[in-house]
Protein chains: 2
Amino acid sequence: MAEPLQLETGLTLAEQVTAALQRAIVTGEFAPGSKLNEPELARRYGVSRGPLREAISRLEARRLLSVTPNSGARVIALDTAELIALFETREALEGQAARLAARRMAEVDIAELSGLLDAHAAQIAADGGCAYYQDEGDFDFHYRIASGAGNALLKGILLDDLYQLLRMYRFRLSVSEGRAEQALNEHRQILAAISDRDADLAEMLMRRHVAAGRKRFEQSQSEYSAPALTH
Amino acid sequence: MAEPLQLETGLTLAEQVTAALQRAIVTGEFAPGSKLNEPELARRYGVSRGPLREAISRLEARRLLSVTPNSGARVIALDTAELIALFETREALEGQAARLAARRMAEVDIAELSGLLDAHAAQIAADGGCAYYQDEGDFDFHYRIASGAGNALLKGILLDDLYQLLRMYRFRLSVSEGRAEQALNEHRQILAAISDRDADLAEMLMRRHVAAGRKRFEQSQSEYSAPALTH
DNA sequence: CAACCAGATTTTGTCGACAACCCTTCAATT
DNA sequence: AATTGAAGGGTTGTCGACAAAATCTGGTTG
């Protein structure tokens, strides 16, 4: 259903529509590959097509939409190769973020993130790591590392672009049984390296952490194309 | 002067204005920090404010403009810390690009790039490495590595976002005497590693190459804040 | 029966106009 | 003299309408 854009002050309509539309895309309300109808969307959000088109332009630059002239905007649809490319890019950027966080993250932020990991541990113990909250916890951790790097550009690319794509596809990247504990453990190791101000180790561990996700995904894909190998 | 937007077919006015405006920003025609006047720009490019505002929205998402509601758009103005952040981000992405290029770049592209480096060498020998052409040669090299990585996302972030920022500020990042030969030498080493399919070495060399640029810039900045050391 | 070609309809691209807001100017007040 | 406040002009934000393009429909023809 259409939520007609709760009105916030200080923001332009175009910005509010951008946020609402991005949210709808990322939560899967608009499926990957589906076409966006401008008059319909404009009615839905209660705005004219002007601000809506500005929002579409923004989201195109953020790589969430792909528009073809005279044909319209479609939600981006990543194939397997492009999802792997997303992991590869994250690996580089998040590795660097961890490296820089080891140099620059404030002690108080490290302590707070440590507490957050305790909360994640409790949650996993309680509900066995329900996939949704597990993902949210994972995003939380990576979000804070990206913020702790003290590099606004790096943070912006990760939060505004890559994490949104990742959120879109989290259902395809769903984690396996017992993965939650392992991920939490890796988070702890990364944070320990940051706390030790060991930049090299922090980067290496983060890269492995992201690469592990990519490899699990590659594995899950190759099972379909070559199912004979695993049983 | 106003070049009223040479008309190309198949592209939206908004897209053409985006390209023209980005070009004007990147070449320094609009200085960093300067304000963009919408009616004036619309007249200049011979379009209405609709497509112009879409172009502004796109360039804001690409981090070339920063717009504040009800106040307008300004060309981005990077301070020293933000330029360092740009180098740090490039270091991670270009390092990864070199790593992936070592795995995926086609032999024919490697050979062609090798020939391009020969041309650069000849150019440096001829005119002593005039700063402008030297920069263009540098961009050429990095552009091809980014393309050779076989990762459209990584390539897009580098070409659409980071390299544009870099071009904007190349005058502040101008190279010193004799730097051209050294850069060319580093390019040769990187390409050799790629040709050997040595991903680890290619990444390391590229990271050092970018880091060297960052360090020269940091050096040039600290000279002003602490001039007594080098007098 | 398939392919192709009009006509009609929907959708996108663009424009000009109006309203809201910001900044400047300048006069009045403390 | 400095600050405040109101009027004015200018800029931004938004809208509805028109024109061009694409898509859909149905009928015709090979």
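Residues numbered from 1 in each chain as written. Chains lettered and ligands numbered in written order. Predicted model: local features only at pLDDT ≥ 70, side-chain atom pairs only at ≥ 80, totals over all residues. Heavy atoms only, no water.

S.K.: Please provide a residue-by-residue account of the overall build of chain A, values included.
M.R.: When its secondary structure is counted, chain A shows nine helices and three strands. Along the chain direction, N to C, the helices and strands of chain A fall in the order α-β-α-α-β-β-α-α-α-α-α-α. Taken against the 2.2 N^0.38 rule, which gives 17 Å for 231 residues, the C-alpha radius of gyration of chain A at 19 Å falls within 12% of a compact globule. Projected onto its principal axes, the C-alpha positions of chain A cover 55 × 50 × 35 Å. Across the 231 residues that make up chain A, the buried fraction comes to 47%. Long-range contacts, defined as pairs at least 24 residues apart, comprise 74% of the intrachain contacts of chain A with a sequence gap of at least 6. Averaging the locations of the 27 positively and 33 negatively charged side chains of chain A gives two centres separated by 4 Å. (Helix = DSSP H or I, 4+ residues; strand = E, 2+ residues; numbered from the N terminus. Rg over C-alpha atoms; globule rule 2.2 N^0.38 Å. Buried < 20%, exposed > 50% of the residue type's maximum accessible area, 1.4 Å probe, protein only. Contact = heavy atoms within 4.5 Å. Lys, Arg positive; Asp, Glu negative; His and termini not counted. Charge placed at Lys NZ, Arg CZ, Asp CG, Glu CD.)

S.K.: So, the interface of chain B and chain A: which residues are in play, and what are the values?
M.R.: Every contact between the two is made by 34 residues of chain B and, on the other side, 34 residues of chain A. Summed over both partners, the interface of chain B with chain A buries about 2900 Å², with 50% contributed by carbon and sulfur atoms. Three residues, R63, E88 and L153 of chain B, lead the burial of chain B against chain A; their summed loss comes to 21% of the area buried on that side. Connecting chain B to chain A are 14 salt bridges. Ionic pairing is found between R58 of chain B and E60 of chain A, a salt bridge with its closest N-O pair at 3.2 Å. The tally of links between chain B and chain A comes to 18 residue pairs in polar contact (both at pLDDT 80 or more). (Buried area = accessible area lost by both parts, 1.4 Å probe. Salt bridge = Lys/Arg side-chain N within 4 Å of Asp/Glu carboxyl O. Polar contact = N/O pair within 3.5 Å; in protein donor to acceptor, adjacent residues only side chain to side chain.)

S.K.: Tell me about the packing of aromatic side chains, and please be specific about residues and values.
M.R.: Residues and elements named next belong to chain A. The full count for this structure, using the stated rule, is six aromatic pairs over all chains. Consider the rings of F139 and Y163, whose centres lie 6.2 Å apart with planes at 65°: the pair is edge-to-face. Taken together, the residues span a long stretch of sequence, with F139 in helix α6 (residues 131-148) and Y163 in helix α7 (residues 152-168) at a distance of 24 residues. A cation over a ring is seen here: R167 above F139, with NZ or CZ 4.4 Å from the ring centre. (Phe/Tyr/Trp six-rings, centres within 6.5 Å; stacked < 30°, edge-to-face > 60°. Lys NZ or Arg CZ within 6 Å of the ring centre and 35° of its normal.)

S.K.: Residues and numbers for the relation of the copies chain B and chain A, please.
M.R.: For the match of chain B to chain A, the screw axis carries a shift of 0.0 Å, the RMSD comes to 0.0 Å, and the turn is 180°. The symmetry that links the two subunits is that of a two-fold axis. Of all interface residues in chain B, 100% are interface residues in chain A too; the two copies therefore contact each other through one and the same surface. (Least-squares fit on C-alpha atoms with pLDDT ≥ 70 in both.)

S.K.: I'd like to hear about the protein's contact with DNA strand D, residue by residue, with values.
M.R.: Taken together, the neighbourhood of DNA strand D is formed by 19 residues, with L13 and S48 of chain A together with K35, R49 and R53 of chain B sitting nearest. At the protein interface, 73% of the atoms of DNA strand D within 4 Å belong to sugar or phosphate. Backbone polar atom of S48 of chain A to a phosphate oxygen of DNA strand D: 2.8 Å apart, as the coordinates give it. Side-chain polar atom of R53 of chain B to a phosphate oxygen of DNA strand D: 2.5 Å apart, as the coordinates give it. The set of elements that each furnish at least two residues to the surface near DNA strand D consists of α1 (13-26) and α3 (49-61) of chain A together with β1 (35-36), α2 (38-45) and α3 (49-61) of chain B. Split by residue class, the surface near DNA strand D holds seven nonpolar, seven polar and five charged. (Near = heavy atom within 4 Å. Nonpolar A, V, L, I, M, F, W, Y, C, P; charged D, E, K, R; others polar.)

S.K.: Any chance you could break down the sheet that holds strand β2 (residues 65-68) of chain B for me, citing the residues and the numbers?
M.R.: Residues and elements named next belong to chain B. Sheet architecture is open: three strands sit in the order β1-β3-β2, paired in antiparallel fashion. In this open sheet, the two edge strands, each paired with only one partner strand, are β1 and β2. Bridge count for β2 against strand β3 (residues 72-75) is four bridges, and the pairing is antiparallel. Of the residues in β3, the one forming a bridge with T68 is G72. The sheet contacts of α3 involve β2 and β3, and relative to β2 the element is tilted by about 115°. (Pairing = 2+ DSSP bridges. Axes fitted to C-alpha atoms, helices over the stretch in contact; angles between N-to-C directions.)

S.K.: Got a sec to walk through the protein's contact with DNA strand C? Specific residues and values, please.
M.R.: Neighbouring DNA strand C are 19 residues; R49 and R53 of chain A together with T12, L13 and S48 of chain B lie closest to it. Here, DNA strand C places atoms within 4 Å of the protein, and 73% of those atoms are sugar or phosphate. Between a phosphate oxygen of DNA strand C and a main-chain N or O atom of L36 of chain A, the distance comes to 3.2 Å. R53 of chain A is positioned such that a nitrogen or oxygen atom in its side chain is 2.7 Å from a phosphate oxygen of DNA strand C. Sorting the residues of the surface near DNA strand C by element identifies β1 (35-36), α2 (38-45) and α3 of chain A together with α1 (13-26) and α3 of chain B as the ones contributing at least two each.

S.K.: Residues and numbers for unusual backbone geometry, please.
M.R.: Residue and element names in this part refer to chain A. Positive phi, close to 65°, is recorded for N70, a residue that is not glycine. Note on placement: N70 falls in the loop between β2 (65-68) and β3 (72-75). For N70, a relative accessible area of 87% translates into the label exposed.

S.K.: I'd like to hear about the pairing of β3 of chain B, residue by residue, with values.
M.R.: Residue and element names in this part refer to chain B. Alternating positions in β3 separate cleanly, A73 and V75 being buried on one face and G72 and R74 remaining unburied on the opposite face. With two bridges joining them, β1 and β3 adopt antiparallel strand pairing. Its bridge partner being in β3, K35 is matched across the sheet by R74. Following β2, the chain reverses through three residues before pairing antiparallel with β3; N70 in that reversal takes a positive phi of roughly 65°.

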